[in-house]
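The primary structure of each chain is shown beneath.
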Amino acid sequence: MSKHPLQYLELSRRDPETEIPEVRIKHFDEIYQSYDGAEAASQAGRCISCGIPYCEWKCPVHNYIPNWLELIEEGRLFEAAELSHQTNSLPEICGRVCPQDRLCEDACTLNNGVGAISIGNIERYITDEAIKQGWRPDMDNVKNSSKRVAIIGAGPAGLSAADILARGGVSPVVFDAYPEIGGLLTFGIPTFKLDKKVVKMRRHIMEGMGVEFILNTHVGKDKSFSSIYDEFDAVFIGIGTYQQINGGLISEDLTGVHEALTYLIGSVNQQLKITDSNNPYIDLSEKNVVVLGGGDTGMDCNRTAIRQGAAKVSCIYRRDEANMPGSRREVVNSKEEGVDFLFNKQPIEIVGKEYVTGVRVAETKLGEPDENGRRLPELIDGSEEIISADAVIIAFGYLPNIPKWVSDHSVNSRSNGCIEVAPKDHLPFQTSNSKIFAGGDVVRGSDLVVTAVFEGREAAKSILSYLSV
Amino acid sequence: MTKKDAKGLYDPLFEHDSCGFGLIANIDDKSSHWVVKTAINSLKRLTHRGAISADGKSGDGCGVLIKFPSEFLRAVAIDSNIKLDAKFAAGTVFLNPKKRMANKVKKIIESTIKQEGLGLAGWREVPIDASVCGQSAKDTLPHIEQVYVNCSEGMSNETFNRKLFLVRRRAETQFEGLDEFSYIASLSSDSISYKGMVMPDGLPRFYLDLLDDRLEASACLFHQRFSTNTLPEWRLAQPFRFLAHNGEINTIQGNRNWAIARAQHFYSDDLGDISDLKPIVSMTGSDSSSLDNMLEIMQASGMSIIQAMRILIPPAWQADEMMDSEIKAFYEFYSCHMEPWDGPAGIVLMNGRYAACCLDRNGLRPARYVLTKDRHITIASEIGVYDYPEEDVIKKGKLGPGEMLAVDLLKGELLSNDQIHDHIKVGAPYQKWLRDGFRYLDSKLIDRTIAAEPMEKETLITYQKMFNVSREEIKEVISVLASTEQEAVGSMGDDTPMPVLSKKLRSPFDYFRQQFAQVTNPPIDSLRERVVMTLQTNIGRTSGLFELTAKHAEQIIINSPILSQQKLRQLLRSEMFGDSHAFIDLNFPETTDYLSALKRICDEAEVAAKAGNLFIMLSDRYLKPGMIPAHALLATGAVHHHLVGLGLRCSTNIIVETGVARDPHHFACLIGYGATAVYPYLIYQSLHDLARRGNVDRTQQLGRSFRRGIRKGLFKIMSKMGISCLSSYRGAQLFEIVGLHSEIVEFCFSGTVSRIQGTKFSDLMDDQKELARLSRSNEQSLSQGGLLKYVYDGEYHCYNPEVISTLQAAVKTGNYQTYIEYADLVNHRQVSTLRDLMKPVPLGDSIKLEDVEPVQDILIRFDSAGMSLGALSPEAHEALAIAMNRIGARSNSGEGGEDPSRYKNERRSKIKQIASGRFGVTAEYLVNAEVIQIKIAQGAKPGEGGQLPGHKVDNVIAKLRYAKPGVGLISPPPHHDIYSIEDLGQLIFDLKQVNPDALVSVKLVAEPGVGTIAAGVVKAYADLITISGYDGGTGASPLSSVKYAGSPWELGLSEVHQVLIKNDLRHKVRLQTDGGLKTGLDVIKAAMLGAESYGFGTGPMVALGCKYLRICHLNNCATGVATQNNLLRSEYFIGLPEMVINFFTFIAEDVRYWLAKLGAKNLEDIIGRTDLIELLPGETKRQKNLDLRPIIASDHLIEGAPRFCTALRNDPFDKGELAENMLSQTLSSIQNKTGGDFSFKISNFNRSIGARLSGEIARIHGNDGMIDTPININLNGTAGQSLGAFNVSGMNLILTGDANDYVGKGMGGGRIIIKPSEKAEFIPKDTVIIGNTCLYGATGGHLFASGHAGERFAVRNSGAIAVVEGVGDHCCEYMTNGVVVVLGPTGINFGAGMTGGFAYVLDLERKFVDLYNHELIDIHRITPENMEAHLHHLRSLIVEHIEYTDSKWAQEILQDYRSYLAKFWVVKPKAAELGSLITSLREAA
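Keep in mind that what you see is a predicted model, and the values were worked out from it rather than measured.

S.K.: What is the right way to read the overall build of chain A from this model?
M.R.: On a plain count of helices and strands, chain A comes out with 19 helices and 16 strands. Over its C-alpha atoms chain A spans a radius of gyration of 23 Å, differing by no more than 12% from the 23 Å that the globule rule assigns to 469 residues. Projected onto the principal axes, the alpha-carbon positions of chain A cover approximately 65 × 60 × 45 Å. Burial analysis of chain A (469 residues in total) assigns 59% to the buried set. In chain A, of all internal contacts separated by at least 6 residues, the share reaching a separation of at least 24 is 70%. In the structure as shown, chain A presents an accessible area of about 18400 Å², 48% of it carried by carbon and sulfur atoms. Computed over 48 positive and 66 negative side-chain charges, the separation of the two mean positions in chain A equals 1 Å.

Right, here's the structure in full:
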């Protein structure tokens, strides 16, 4: 029971092997290996089980991290998987795509130079391995309430809501316009970060829990929202954000300028052999590619382009490296794979006639922090230059694009275009229409997968309470 | 009610007293005035054991109980024209000074005399001189008369006295409530009492009778009181009618409650019907007076006083394997019918036939006796209470633990302990009765099926949710108990809200705070002194004490009250109970209300008991839809009280089958409120589930291990209150309730202290309904918990991630704005402490910040809390000291000594702590302190000791603590020199002798009654008092101690402040509080509640980088704050003194901000101004039902009385004249380092002799500076307590005579020699020459005593070398270094907790194998072949002993060394190498 108290000092942090850049850029498979059981156990055993689990505090879903670390150390895999699912509906996915170095692992007490616990990799190991060994969520004691809830959008918020509802004895039916579940998990995130087999397995598990998926169904086009609204006991909207933020740059419509999402989806479609006229495959091999934006989406574009065989990939960001919003790990991966970063450069104009030929940028310096504490870049006069390019990807982020059927059902939105939830006397994530709930990016604006998971789960708890089950 | 009407927190029930006592008797019953005169003179020589009130004249009371002086009384009666018959009685009666009331009471007494058929002879006004009294005694002075009663002809003395008893009781019941003056001090034909609120030297001047030569008696008890209160109460002076008592009756609450429950069993043919005299045993007054009542009724019913006393205060017979089986049977038989009244107690008692003295099983009070040639025996707290020529002494000795010594005045015999046993064991065929009647339940060795019918998984989860089991609890509490057989250890404090403040679902058990002993009585070490403790539980029917039949032995005996499935089944199937039990379902419909449900349960219990069922099973085992379980604790308390009230409780037993009992505290609560035994079925089911999931070693018997863990926990909880036997704990209600409404307390827990209201039945109902809802919901998992560790959405923690990270950011950057953010987080948190419901109200208009006193003046009021080097890393410890010194505040060394290189610079801790382990406490350590703090208790684990595990004892720590690296160090639960309040006074006196410049501070933990304790502490001459809250931190403590003991400081501080003002003591002492103080606002509130100084523990630690990881006990603190690991300290410790300076400066600035806002110029304007506190209504229903008015009440306020300390220091009454005289004679030889020889006469009232000189030497030259030029002090006579305390090198004390307790306490060097006078005719090797607890905490030096030492010789010795000729019990306990040679018998439990050093014991009677504690030590013979070194070492010590003491016995041994050598044992820690003992000793020297 009692372990060696100084294990964390004597055994240093060790992440699973990463494929070397020269090899991994030749394919689209995941670059990290997995722990084996012994490694997972010994790394988990480094946890000192703090009186205040800062990791759990910082985690948006508040995973019981020290507790499942201990279970893994003791080799109790299925219990760890069970516990992991108590706070997170998609732990194997979060283990892959969360920026742990900004969240749990950043907060880890041992991140004071000793070396934080490799929480993400262990999280991923737990569910991957448990599923491999036959673990499935225990639904034995669920009493079915005969209530049904429609979920619009099979992204992380929707899936998480479905998970909680199914466990609560409510039958969830998930609608999605795409041919696969996952939303951006499937289509937005490159396969080298998240193998789509993982999402498929999750679908399999959820169907086993009684979740019904109705795919290739665009609500509002293929099926009217009103019919859904009337048929179900409650509705959850988790349709995400797909409206690209316009950089306001001159000549954004030149040929060779691409939206990040369209580009990424096209690439995934190509791998999954899906044809989708809205998101065609964009081949940037041999191209001189410039990616605008320093978030995780930007990094995904960088690395996709590298793998497509781009001649050169440059990433332009208006602040310095320390102030980048994306995961540091992804920046490192990009650099290793050959991406050239240009910091403190503000894009002003896309240059070219019909085809793009470059991006005009200006040098910046960081000014005073704004009300959120982030330092705003200020332009330095006379510092403009043109970076040549024959393909430009714009990755400035996304805004929600609320369909009309939402407002038609007296669901209010906020000024920034997001759906408003929890107005006075309403439950968390309940909209102004009591029967309709919403969560994820459509409520917050584009954010992390894990926050969408959290909101989907919390919304589902409200639905259970609304339905009195 | 307005604030002014509210009653404060003081309750007379909280008062304690303790004292000096004694008895003188002529064995042949020869009367003389000499006996009376000597008794009174002896009393004077015990003055230092009593206390003096603020007027300087009133004592706490003293008195004598004189064997009936019939000649004298007859003579003075004649003077008063009273006609007496041949046989008569007299009584001392206190009456109202107002004639009318006095006459009324006299009439009552007269009529009861008549009622009993006795003749009133008359009244005599007792001549007194009131001018002797101090003002406060004068104010309450009664009119005192003697009443004379004639005995009818032919009536036996027994009958006469029985009737006099009835007269007194009947009269008392009539004038009770009528008049508070009236009191019958004695009424008997056997004895008469003279007592009052005067100092001992005033007693004979007050009662003129006492000076009258005609007053002759053959025996006399005397008593001097030290009370924690000063409101004079004449009636509370002792002796009572039969006894005088030194110490406390720890078990008093249980004893009183059971006395009520048993009331109908006090019937006896002799006494007749006495049902009108209830309560027989007083529920108020002092514990001793209740004991006196009990003794009286037993006697009146025809039992001999000696037998009665032995039944009430038995020795620790259970574990005594050497005890005669017949006497064991006697004790065992009576244990079925009377629980022990356990001390610490030294009792002297007397009736017409016997005069006797006895000690309780722990022997924590001293009792020394002298028998002289003229057949007078004197027994007293001290030896040498009168001057007898040494050559007249036949015998001197002491009473051991659990022993009794008696004089049979009728037969003229002195009865030893064994002789007394021989007398009482033959009263009945106890052994045969027990053999026939007792049934033992045995568990089979293999008990693998812990739950015979395991629940289905989902059923189990439903149950776990219904009873609010969390995953955290399963992991941290239940499975730890079941796998390690003990509680989990944790660190840091409890920073969660009390349940009444919480917004989460909390267990009703959480409202109960365990009481613990501090100062007035000691806790027991349940690990090292297990021999005195027992959990034995008898199930059967309790019967009358006075009927002796075999039927009374029909009992089932179990060794623990925690039942296994097996035992429960055996019980249910047993012949005795098979058809004699009733099942009562605790589940009730959700639609009824809680109170009616409990009433239904009580009614069912009543019916069952009346039907003759021998046990009642209260059960929540069978949950049903639509029903919820009444909480087992509420049900148990309610049923117990209901049955007690009906006189049915002793006819039946309460077995509780419940899912709510999970940790030791839960079991303690159930038993404390009356449960006979508990069957925790849900635990067994949960453990079965754990085993099913394969989480544990399947071969382990989890249920059995769990029960063992709980048993240890129960021992610990009982020992905190100093209670040895579970039967004395059962029903004793030793808890404080914080936050339950009186509607619950009165119905279920009546009599328990509960002061602030709160949660009502309806709230508990809501909680249980919510649990029921959750248990039935689809949500499958248990809640994570969060009570111990922070978890999102769990219980609120005051030290949460936001608070910690913001504070650390603030102190690191020095940014005050960030501090403000932090302060806002704290000040605007959800209500988590009582002070969060208080808001300061301005004095007037706000003032400008610059008009407020400067930061510097506020900073000096800040102390850092005692945190030892050992708990903290040296870097953190020094950073803290440097910071505090730089800002002019004080840091606290904590327990564990201090490196002398820190004494004279900014790394010095100005406060030096002295705790129960006395680690590193030397004269030099003490003289380098500004404040010496005696840590009585700490908030995280009051009433408990501690242990520094071996892996934390590195070279540095070992050196400072005079120990060996890698060897674990134990801090005992009690200070072994503080078993009562006058002992604390003695320690304070010792410290003030060694360092007259230092202030002495006493650290207490808040609990009900802490106010009266503090009053006692002030009267013991402390200069400062710290009141800690329950939320204090710790480096390591069992979890249930962190969670369940101690009260919020708001209650404790306020109670202390109120009581001190009430007693006119507040101005004499500085009050400090600590416990979770975080911001300036906290300081403001603490000031308003009465504190003038403020302690911070966790705050500055967090400032130094602590992240509240709660892993201090593992020595792996990742922040390098609380670890000794080199790598962690050097690489990861980020703390700097500046961070601490920032922390305190911020808080001081914050205080200034608040003062300005409140319109106060300085803190003094608001200290003690509870009128400036506005109570807030609270956020939740239960918070709104709180009544915090007692905390801010002002009923104690006296117009113009000081609200804070105005005295510079609190100097003792005893000026230590001999010590000052010694200093003036030796000073130049100290200053010039010349040494020399000096001689003085010494008496028992010359205390701490040597300490004054040692302190002076240490101050000038350090511990070892005089080693080459010693000062030799020759003393002649009897030394008072603490001879040679904190002795240093070069200080040699040579005493001819004998000495009292604590010789060589804290000795660090030099030599103490004690030898009998050459004229003495007694045999020194069989005679006690020094008292108890000698060499406690010694770190070096030599002691040679030609005679026996008392109990606990060389306790916690870490370096002294001693030779004595016999020792009492518990010798060498917790010893870590040094050598002890015992040339004679030892008591039991030798070497318990001994981790270092060694001993040689001469075992002539071959008994030692059974006497030593086998846990940590082993013993070896010295054989010349392989133990040459020991042979020579021992011989050289014996030679030295002869050289210094001329011991005849040692000479005899030496003459025949080879043959005696074969009878010696070498005693050493198991871990130590036999061969290296002497070498390592040399290295240490």
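S.K.: Even after reading the chapter, I still don't get helix H10 (residues 156–167) of chain A, so can you show me in this structure?
M.R.: An α-helix turns once per 3.6 residues; consequently, residues spaced three or four apart project the same way. Residue and element names in this part refer to chain A. The end-to-end C-alpha separation of H10 is 17 Å, in line with the 16 Å expected for 12 residues at 1.5 Å each. Burial analysis of H10 places 12 of its 12 residues in the buried class, which makes it a mostly covered element. What H10 keeps buried is the set Pro156, Ala157, Gly158, Leu159, Ser160, Ala161, Ala162, Asp163, Ile164, Leu165, Ala166 and Arg167. Positive backbone phi, approximately 90 degrees, marks Gly169, located one or two places after H10.

S.K.: Help me understand the nonpolar core in this model?
M.R.: Nonpolar side chains in soluble globular proteins generally cluster together in the buried interior. Counting 383 residues, the largest nonpolar core has B:Leu1283, B:Ile1330 and B:Phe1353 as the members making the most contacts within it. Looking at this core, you find at least three residues from each of domain 1 (7–132) and domain 2 (148–241 + 400–466) of chain A. Excluding residues within four positions of it along the chain, B:Ile1330 makes contact with B:Arg368, B:Ala1299, B:Asn1300, B:Val1303, B:Ile1314, B:Leu1343, B:Ala1345, B:His1348, B:Ala1349, B:Gly1350, B:Phe1353 and B:Val1364.

S.K.: Teacher, can you tell me more about the sheet that holds strand S9 (residues 243–247) of chain B here?
M.R.: Where strands meet in a sheet, backbone hydrogen bonds hold them as pairs that are either parallel or antiparallel. Residues and elements named next belong to chain B. Taken in spatial order, the five strands make up an open sheet running S9-S10-S11-S15-S16, and their pairing is antiparallel. Each having just a single partner strand, S9 and strand S16 (413–415) make up the two edges of the open sheet. The mean inter-strand angle of the sheet, taken between neighbouring strand axes irrespective of direction, is 10 degrees. As paired elements, S9 and strand S10 (residues 345–350) share five bridges and run antiparallel to each other. Following the sheet pairing, Asn246 is matched in S10 by Gly346.

S.K.: Which parts of the structure should I look at to understand the domain arrangement of chain A?
M.R.: Residue and element names in this part refer to chain A. The domain architecture assigned to chain A consists of domain 1 (7–132), domain 2 (148–241 + 400–466) and domain 3 (247–397). A C-alpha centroid distance of 30 Å is found between domain 2 and domain 3. Of the residues lining the interface, 13 residues belong to domain 2; the matching set on domain 3 comes to 15 residues. For the domain 2 and domain 3 pair, buried surface summed over both sides reaches about 1200 Å², with 68% attributable to carbon and sulfur atoms. Per-residue buried area on domain 2 facing domain 3 is highest for Phe187, Phe192 and Lys193; these three make up 44% of the total on that side. Residues Lys193 and Asp300 are paired through a salt bridge, measuring 2.9 Å at the closest nitrogen-oxygen approach. In this assembly, domain 2 and domain 3 are joined by two residue pairs in polar contact (both at pLDDT 80 or more). Sorting elements by how many residues they give to the side of domain 2 that touches domain 3 places helix H11 (residues 184–187) first, with three residues. When its residues are assigned to classes, the side of domain 2 that touches domain 3 shows seven nonpolar, four polar and two charged.

S.K.: Hey, could you run me through the packing of aromatic side chains in this one?
M.R.: The way to describe two aromatic rings as a pair is by their centre distance and the angle between their planes. Summed over all chains, the structure comprises 54 aromatic pairs over all chains. Here the aromatic rings of B:Phe94 and B:Trp234 are separated by 6.2 Å at their centres, their planes lie at 85 degrees, and the arrangement is edge-to-face. A residue pair is termed long-range when its members are at least 10 positions apart, and B:Phe94 in strand S3 (residues 88–95) and B:Trp234 in the loop between strand S8 (219–227) and S9 qualify at 140 residues. Judged by relative accessible area, which is 4%, B:Trp234 ranks as buried. Aromatic side chains B:Trp1449 and B:Tyr1460 sit 5.7 Å apart centroid to centroid with 85 degrees between the ring planes, which places their arrangement in the edge-to-face category. With B:Trp1449 in helix H44 (residues 1448–1455) and B:Tyr1460 in helix H45 (residues 1457–1461), this residue pair connects regions lying 11 residues apart in the sequence. Overall, the relative accessible area of 8% leaves B:Trp1449 in the buried class. In this structure an aromatic cluster arises from ring pairing among B:Phe94, B:Tyr183, B:Tyr194, B:Phe206, B:Tyr207 and B:Trp234. The cationic tip of A:Lys435 hangs over the ring face of A:Tyr229; the distance from NZ or CZ to the ring centre is 4.6 Å. One Lys or Arg, B:Lys1305, reaches over the ring of B:Tyr1302 and ends 4.5 Å from the middle of that ring.

S.K.: Help me understand the pattern of salt bridges in this model?
M.R.: Think of it this way: side chains of opposite charge can pair up when their charged atoms draw near. One pass over the structure, following the stated rule, counts 119 salt bridges over all chains. For B:Arg1169, the salt bridge goes to B:Asp1171, with nearest N and O atoms at 2.9 Å. We classify B:Asp1171 as partly exposed; its relative accessible area is 43%. One network of salt bridges, in which partners are shared, links A:Arg24, A:Arg303, A:Arg307, A:Arg329, A:Glu330, A:Glu336 and A:Glu337.

S.K.: Sorry, what's going on with the interface of chain B and chain A here?
M.R.: Interface size is commonly expressed as the accessible surface area that is lost when the partners come together. Each side of the interface is counted separately: chain B has 38 residues, and chain A has 36 residues. Buried surface at the junction of chain B and chain A, both sides included, amounts to about 3200 Å², of which 52% is carbon and sulfur. Counting across the chain B and chain A interface gives two salt bridges. Where chain B meets chain A, there are 13 residue pairs in polar contact (both at pLDDT 80 or more). For the side of chain B that touches chain A, the secondary-structure elements that each account for two or more residues are helix H13 (457–466), helix H14 (471–484), helix H24 (801–813) and helix H36 (1126–1132) of chain B. Split by residue class, the side of chain B that touches chain A holds 15 nonpolar, 13 polar and 10 charged.

S.K.: Mind showing me how you'd approach the state of the cysteines here?
M.R.: Disulfides are covalent bonds that link the sulfur atoms of two cysteine residues. All names here are of chain B. Under the definition given, this model contains zero disulfides over all chains. Here Cys798 is not disulfide-linked; the sulfur of Cys1106 is the nearest cysteine sulfur, at 15 Å. Here Cys1372 is not disulfide-linked; the sulfur of Cys1371 is the nearest cysteine sulfur, at 3.6 Å.

S.K.: I'm lost on the sheet that holds strand S5 (residues 143–150) of chain B in this one. Help?
M.R.: All names here are of chain B. Spatially, the four strands line up as an open sheet ordered S4-S5-S3-S6, and their pairing is antiparallel. For this open sheet the edge positions go to strand S4 (119–125) and strand S6 (183–188), each flanked by a neighbour on one side alone. Between one strand axis and the next, the sheet turns through 20 degrees on average, direction left out of account. Bridge count for S3 against S6 is five bridges, and the pairing is antiparallel. When the bridges of S6 are listed, Phe94 appears paired with Tyr183. The strands touched by helix H5 (residues 157–175) within the sheet are S3, S5 and S6, with S6 carrying the most contacts at an inclination of about 170 degrees.

Conventions and cut-offs
Residues numbered from 1 in each chain as written. Chains lettered and ligands numbered in written order. Predicted model: local features only at pLDDT ≥ 70, side-chain atom pairs only at ≥ 80, totals over all residues. Heavy atoms only, no water. Helix = DSSP H or I, 4+ residues; strand = E, 2+ residues; numbered from the N terminus. Rg over C-alpha atoms; globule rule 2.2 N^0.38 Å. Buried < 20%, exposed > 50% of the residue type's maximum accessible area, 1.4 Å probe, protein only. Contact = heavy atoms within 4.5 Å. Areas by Shrake-Rupley, 256 points an atom, 1.4 Å probe, with all protein chains shown as cover. Lys, Arg positive; Asp, Glu negative; His and termini not counted. Charge placed at Lys NZ, Arg CZ, Asp CG, Glu CD. Expected span 1.5 Å × (residues − 1). Core = buried A, V, L, I, M, F, W, Y, C linked by side-chain atoms within 4.5 Å. Domains from an automatic or database assignment. Pairing = 2+ DSSP bridges. Axes fitted to C-alpha atoms, helices over the stretch in contact; angles between N-to-C directions. Buried area = accessible area lost by both parts, 1.4 Å probe. Salt bridge = Lys/Arg side-chain N within 4 Å of Asp/Glu carboxyl O. Polar contact = N/O pair within 3.5 Å; in protein donor to acceptor, adjacent residues only side chain to side chain. Nonpolar A, V, L, I, M, F, W, Y, C, P; charged D, E, K, R; others polar. Phe/Tyr/Trp six-rings, centres within 6.5 Å; stacked < 30°, edge-to-face > 60°. Lys NZ or Arg CZ within 6 Å of the ring centre and 35° of its normal. Disulfide = S-S within 2.5 Å.

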